Amino acid sequence: MSDTQTLIENRPPSVATLFLERVDATPDAEAYRYPVPSSSGRDEWRSLTWKQSSERVLSIAAGLIELGVRPEERVAVACSTRLEWILSDLGILCAGAATTTIYPSTNSAETAFIIADSDSRVLIAEDAEQLAKARERRADFPELAHVVVIEESDAKPAEGDPDGWVLSLAELERRGAAHLENNPDSVRKRIDAITADQLATLIYTSGTTGRPKGVRLPHDNWSYMARAIPATGMVAADDVQYLWLPLAHVFGKVLISGQIGVGHVTAVDGRIDKIIDNLPVVRPTYMAAVPRIFEKVYNGVAAKAREGGGAKYKIFQWAAGVAREYAKVTQDNFRRTGKRSAPFGLAAQHAVADKLVYAKLREAFGGRLRAAVSGSAALAPDIGYFFAGAGIHILEGYGLTESSAASFVNPGESYRTGTVGKPLPGTEVRIADDGEILLRGPGIMEGYHGLPDKTAEVLESDGWFHTGDIGELSSDGFLRITDRKKDLIKTSGGKYIAPAEVEGQFKAVCPFVSNILVHGADRNFCTALIALDEPSILSWAADHGLGGKPYAEVVASPQVQELIEGYIGRLNEGLQRWQTIKKFRLLPRDLDVEHGELTPSLKLKRPVVEREYKHLIDEMYNGSREA
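First, a word on scope: everything that follows refers to the structure included in this document. (Residues numbered from 1 in each chain as written. Predicted model: local features only at pLDDT ≥ 70, side-chain atom pairs only at ≥ 80, totals over all residues. Heavy atoms only, no water.)

1. A look at the nonpolar core
As a rule of thumb, soluble globular proteins bury nonpolar side chains together.
Consideration 1: If you look at the biggest cluster of nonpolar residues, it comprises 165 residues, and the most contacted ones within it are L64, F387, F506, I530, L532 and I564.
Consideration 2: Discounting residues that sit within four places of it in the chain, L532 has contacts with F512, V513, S514, I537, Y551, V555, V560, I564, L586 and D590.
Consideration 3: A76, A78, L144 and V166 belong to the second largest nonpolar core, which has 20 residues in total. (Core = buried A, V, L, I, M, F, W, Y, C linked by side-chain atoms within 4.5 Å. Buried < 20%, exposed > 50% of the residue type's maximum accessible area, 1.4 Å probe, protein only. Contact = heavy atoms within 4.5 Å.)

Below is the structure:
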């Protein structure tokens, strides 16, 4: 048995045990950095050691025990990504309870459904806004005994609240500290009693239709991840992670386990509008993101080059082409020879482009970024090749909520753009006859909460989980995702099309696109609904006689229609005839989470978009002859 197998198979029974092991191993090492507003108006970054973190975690755990929370009872967390989210989650787990995650952007009706369906006994709410959602629907979940508010100034009881229903996180910690003085072993006893199959987390998937399903993830899922992620060599103890992903999402949540397993520093701040400001301050060595972030960075760099004039934009386009070619050649050579090499001429061009373009891009990421992990959706290969050639190595990974997020990841230096890498040690993969990816291993969920029939639809008795994704395995074990099984388009001519593949190619071709949905099921040709990136297209508009006009007016203009038509033409040149986009419509606004068109992790909800813009789709097919 290898050292990796031994480490994984001898994993502790719970995340709580894992956390205490980490505290004992490196008590004085820095664990977390977090921003605090200062009088100067700029954030001041402070730190907690593992020992300091454990003092707060154990106080939260004891406070929950004092409130009457019993093992495996649910405690919901409705909060943005911040230090208190992590401390609360670990406190819940150390109390033997289970965390129900809720996005802070979730509306009051769905928040109420999740609290009620999970039978959560306590809600940890970030602020007055999240508290108000609980108050509005309190009749829907009478079992909710307390709301703990993180922002102390917002923890104010209101008329109609039961006695003691609202308290602050600071008060919970004070109660917990007092509890520990009288019962010093109470939390340790709870931790010692946790079993590997005990529920740790309940994450509700953002369904495209109907109610979300609660995915039951026991402690063993996270303990496995904490051992398997370091075994890939992706992270090391001296790394600094910048964590901004939503922790209500499984992709963000798994990063907590990975960090505890390794013991590196995590700088945590979920304010998306602060990412650009934070990167040069935090100077991370690695970070995780969703493809939309890399697309926005790419579009932003292209827009800035365009603003610099024709010559500067031509230099950028040349450098982008060199980056892509360099990445493809060096990755191919590494695959064949184990060395990242390029022909002299290409290497010389790359060196020049590095000084002109790539070095500035790396500096914008803090100058130390060794690798960035991309997941949650497919990254357009051409965008991946651009960043790889620029020295920002994007390691695509793959997993689902039902598989605790990380099932595949690209293996460090031998990564291959356009694939999601190899399975984590201990995870098995199989491709079904219809191309569906099946997974089995310690990361797979227990099932859907209270939905045995739905569980049986995707989880076989022998442990194989049906992902619903279509993919291909290379001879040496690299997986390429081609599409969602349910999203494959079959035209009226009988041809199958993977819309995500076409959409990804367009994102690489057109620097103005924000979102695109390819449609063509049961039709005789394909069409597209396209939303443009507002800052990029308004910048272009200002240089083409459309300055000062609102977004909707700009995208409706003949100039922009002609501009995008040109990019559609370039896209079609690289497609099979039956894949080509014959017609398109530009949307009057971008797609977003608030209107329900994107999930909180920025995945496209196809049925929602197609329903909302049915009139535009029908318009594109009016008068066409359906085969």
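2. Considerations on the sheet that holds strand β25 (residues 526–532)
Consideration 1: As summarised here, the arrangement of the three strands in space is β24-β25-β26, forming an open sheet in which the pairing is mixed. In the strand order of this sheet, the two ends are held by β24 (513–519) and β26 (581–586), each with one partner. Each neighbouring strand pair of the sheet contributes to a mean axis angle of 25°, computed without reference to strand direction.
Consideration 2: Where β25 meets β26, five bridges bridge the pair, whose relative direction is parallel. When the sheet's bridge partners are listed, C526 is paired in β26 with I581.
Consideration 3: Each of β24, β25 and β26 is contacted by helix α17 (residues 499–509), which is oriented at about 150° to β24, the strand it contacts most.
Consideration 4: Its contacts with the sheet place helix α22 (residues 614–621) against β24, β25 and β26, and it is angled at close to 135° to β25. (Pairing = 2+ DSSP bridges. Helix = DSSP H or I, 4+ residues; strand = E, 2+ residues; numbered from the N terminus. Axes fitted to C-alpha atoms, helices over the stretch in contact; angles between N-to-C directions.)

3. Notes on the pairing of strand β11 (residues 265–268)
Along any regular strand the residues' side chains alternate between the sheet's two faces.
Consideration 1: Side chains of β11 alternate between two faces, with V265 and A267 and T266 and V268 buried alike.
Consideration 2: As paired elements, strand β10 (residues 240–243) and β11 share four bridges and run parallel to each other. Paired with V240 across the bridge in β11 is V265.
Consideration 3: Remark: the β10/helix α10 (residues 250–262)/β11 crossover connection has right-handed handedness. (Right-handed = clockwise from strand over helix to strand, strands pointing away.)

4. Comments concerning the packing of helix α2 (residues 15–25) against α10
Consideration 1: Look at α2 against α10: their axes get within 8 Å of each other, and the N-to-C directions meet at 40°. In terms of orientation, α2 lies oblique with respect to α10. Like other packed secondary-structure pairs, α2 and α10 cross with a definite hand, here left-handed. In contact with V15, L18, F19 and R22 of α2, α10 contributes S257, I260, G261 and V262. (Parallel < 35°, antiparallel > 145°, perpendicular 65-115°, else oblique. Left-handed = near helix turned anticlockwise from the far one by under 90°.)

5. Here we look at helix α15 (residues 381–389)
Consideration 1: In terms of residue burial, α15 counts as a mostly covered element, since seven of its nine residues are buried.
Consideration 2: Among the residues of α15, I383, G384, Y385, F386, F387, A388 and G389 are the ones counted as buried.
Consideration 3: Looking one or two places after α15, you find G391, whose phi comes out positive at around 90°.

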